[in-house]
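Residue-level listing of the chains:
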Amino acid sequence: MREKLGKRIYAIPFVAVILVSCIFGLAFSPILNATPHNLPLGIVNLDKGVDTPAGTINAGDNILSALMDADAVQSGNEDNSEDASDDEQTISWAEFESQEELDSAFDNNELYGAVVIPSDFTESMLQANAANTAADMSGAGSGAVGSSDSAGDSLSLSVIINQGKNPLVANILQQTITSMMSQAGVSADVELINEADLGGGALSSFMAVQFLVLPLFIMTAIASLILSVALWSKKDSDHKDKKWVFCIQLGMSAVLSLLIALLAVGVITLTGGLDLPVGSLVLYFWLAVFCMMVFFVGLADLSKPLGILVLLVIFALGMATVLLPAEMLPSFWSDWVYPWAPQRYWGDALRSIVYFGKDVFACGVVPMLVYGVIGLLAGLVACIKSAKAKKA
């Protein structure tokens, strides 16, 4: 090897450093440039309104419009409302006719959150205005000041945040909606749903997913390349031997994938002091890691450069999809990477198991099986290719 490379061998460390820098640059670029857009948020107006001699008053309709306008202002569309597109808005509002419809959307995990305008909102507003008027008149007579704001503080809307859909987005959304309501002159009564007490530190709910999937993927990649390089040799091109070698690779992948799942889940649970459903996570990641190992091994057996290239591309482009949903990724990642990235399915499955308590086989198993089938086909093609090369 050294003789073949000659003096070029001294360039290898420099090329490796540049390559690693580019890979991690791609991996972290979408995270550093993440901007929320079109976050699906529900809103339901249950306000019954109040009949007055001047007609029916429904303050809920006004506050609904105010919240939507507040989102447009925060998204920078206030001065170009006619030209603004939905892609520029932070929130994509979905109106519901009843609480039952909203609950059904949450059950289907369609929303990151929702705003509920209570049935007595108009009545409370009128009472608050009357109290303010009385307080102002009383204060004017006695010289007291500052009493008019207390009645306004009683006006509040119910805000439901779906933490299980994505903890990071839930935190951002809570801050955004609170700011929007402050602009609209009401307070937020926040309720978190699909919570999970993971234990650990303050950032455990945000970073547990990333810290678990990253070592899982790295161990999967390393084990896959070792299996291919160590067991698949060009010197032995017998078709039967190659099929036997591929079967050995599959068997070792099954054992190694279990070990990888046990180590990754065990280490993150013990070192982070996290309270995780270890059994369900190990079972899912055993299957998921096995499918990805079959995929990488099959491609590497077919062509080492192809296998390595695909592995690096998936690592570089896909890691951001673990932490960030499509609504926070730059357009390239959300349109072209998010739909196929295996890390995205790993992150979704982890959240489904931890926050929603879903069954392992209801957590995106099919995409993993697709990767596994592709790997099997690539391995079979590699066996046939070796047989034809021997005959030639």
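Everything in this summary refers to the structure shown in the same document. Quick caveat, the model's predicted, so the values are computed rather than measured.

What follows covers a nonpolar patch on the surface. Residues Val20, Phe24, Phe28 and Leu32 make up a contiguous nonpolar surface patch of about 410 Å² in total accessible area. Residue position: valine 20 is located in helix α2 (residues 12–32). Given a relative accessible area of 43%, valine 20 falls into the partly exposed group.

Look at helix α11 (residues 304–318): 21 Å from first C-alpha to last across 15 residues, which is about the 21 Å you get at 1.5 Å a residue. Buried within α11 we find Gly307, Val310, Leu311, Ile314, Phe315, Ala316, Leu317 and Gly318.

Turning to unusual backbone geometry, a few remarks are in order. Backbone geometry at asparagine 109 places phi at a positive 60 degrees, although glycine is not the residue there. With respect to the element layout, asparagine 109 can be found in the loop between α4 (99–107) and β5 (113–117). Phi is positive for asparagine 194, close to 55 degrees, though the residue is something other than glycine. In this fold, asparagine 194 is placed in the loop between β7 (187–193) and α8 (204–231). Assessed through its relative accessible area of 25%, asparagine 194 is described here as partly exposed.

With respect to the helices and strands, the residue valine 297 is situated in helix α10 (residues 278–302). Apart from the residues lying within four places of it in its own chain, the contact partners of valine 297 are Ser224, Leu227, Ser228, Gln249 and Ser253.

In this section: the sheet that holds strand β4 (residues 91–96). The sheet built from five strands is open, its strands ordered β4-β1-β5-β6-β7 with mixed pairing. The open sheet is flanked by β4 and β7, the only strands paired with a single partner. Averaged over neighbouring strand pairs, the angle between their axes works out to 25 degrees when direction is ignored. In this sheet, β4 lies alongside strand β1 (residues 39–45) in parallel orientation, the contact comprising six bridges. When the bridges of β4 are listed, leucine 39 appears paired with isoleucine 91. Here α4 sits on the sheet in contact with β1, β4, β5, β6 (156–162) and β7, set at roughly 170 degrees to β5.

So, about the packing of α2 against α11. Viewed as axis vectors pointing N to C, α2 and α11 meet at an angle of 45 degrees, and their least axial separation amounts to 6 Å. With respect to α11, the axis of α2 lies oblique. Residue-level contacts link Leu19, Ile23, Phe24, Leu26 and Ala27 of α2 to Leu312, Phe315, Ala316 and Leu317 of α11. Considered class by class, the residues forming the contact of α2 with α11 number nine nonpolar, no polar and no charged.

A few words on the packing of aromatic side chains. The relation between two aromatic rings is expressed through the spacing of the ring centres and the mutual angle of the planes. In the structure shown here, the tally under the stated rule is ten aromatic pairs. When the ring of phenylalanine 295 is compared with that of tyrosine 371, the centres are 5.0 Å apart and the planes differ by 85 degrees; the resulting orientation is edge-to-face. Here the residue phenylalanine 295 occupies a position in helix α10, and tyrosine 371 occupies one in helix α15 (residues 365–391), the gap between them amounting to 76 residues. You can call phenylalanine 295 buried: its relative accessible area is 7%. Here a set of aromatic residues connected by ring pairs shows up, and it is made of Phe24, Phe28, Phe217, Tyr284, Phe285, Phe295, Phe296, Phe315, Trp346 and Tyr371. For lysine 242, the ring lying beneath its charged end belongs to tryptophan 232, and the centroid distance is 4.3 Å.

Reading guide: rules and limits
Numbering of residues begins from 1 in every chain and follows the order in which that chain's sequence is written. In keeping with the model being predicted, local features are shown solely for residues with a pLDDT of at least 70 and side-chain atom pairs are shown and tallied solely at 80 or more, while totals for entire chains, interfaces and linings include all residues. To obtain the side-chain values, all non-hydrogen atoms of the structure were included, while hydrogens and water were left out. Residues form patches when they are more than 30% accessible in relative terms and have no salt bridge. Like charges link within 9 Å. Nonpolar side chains (Val, Leu, Ile, Met, Phe, Trp, Tyr) link within 5 Å. To measure how exposed things are, a 1.4 Å probe is used in the Shrake-Rupley method; for residues, cover is taken only from the protein chains shown. One speaks of a salt bridge when a side-chain nitrogen belonging to Lys or Arg is within 4 Å of a carboxyl oxygen belonging to Asp or Glu. Helical segments are the DSSP runs of H or I of at least four residues, strand segments are the runs of E of at least two, and each set is numbered from the N terminus. Only protein chains enter the accessibility calculation, which uses a 1.4 Å probe; a residue is then buried when its area is under 20% of its type maximum, exposed when over 50%, and partly exposed in between. To estimate how far a helix should reach, multiply one less than its number of residues by 1.5 Å. Residue contacts are counted whenever heavy atoms from the two residues lie within 4.5 Å of one another. At least two bridges found by DSSP between two strands are what make those strands a pair. Lines fitted to C-alpha atoms define the axes, with helix axes restricted to the stretch in contact, and inter-axis angles between N-to-C directions lie between 0 and 180 degrees. Orientation categories follow fixed angle ranges, with anything under 35 degrees roughly parallel, anything over 145 roughly antiparallel, 65 to 115 roughly perpendicular, and all other angles oblique. Nonpolar residues are Ala, Val, Leu, Ile, Met, Phe, Trp, Tyr, Cys and Pro. Charged residues are Asp, Glu, Lys and Arg, and all others, Gly as well, are polar. The criterion for an aromatic pair is that two Phe, Tyr or Trp rings (for Trp, the six-membered ring) have centres within 6.5 Å, with stacked assigned to planes under 30 degrees apart, edge-to-face to planes over 60 apart and tilted to the rest. When the NZ atom of lysine or the CZ atom of arginine is within 6 Å of a ring's centre and also within 35 degrees of its normal, the charge is said to sit over that ring.

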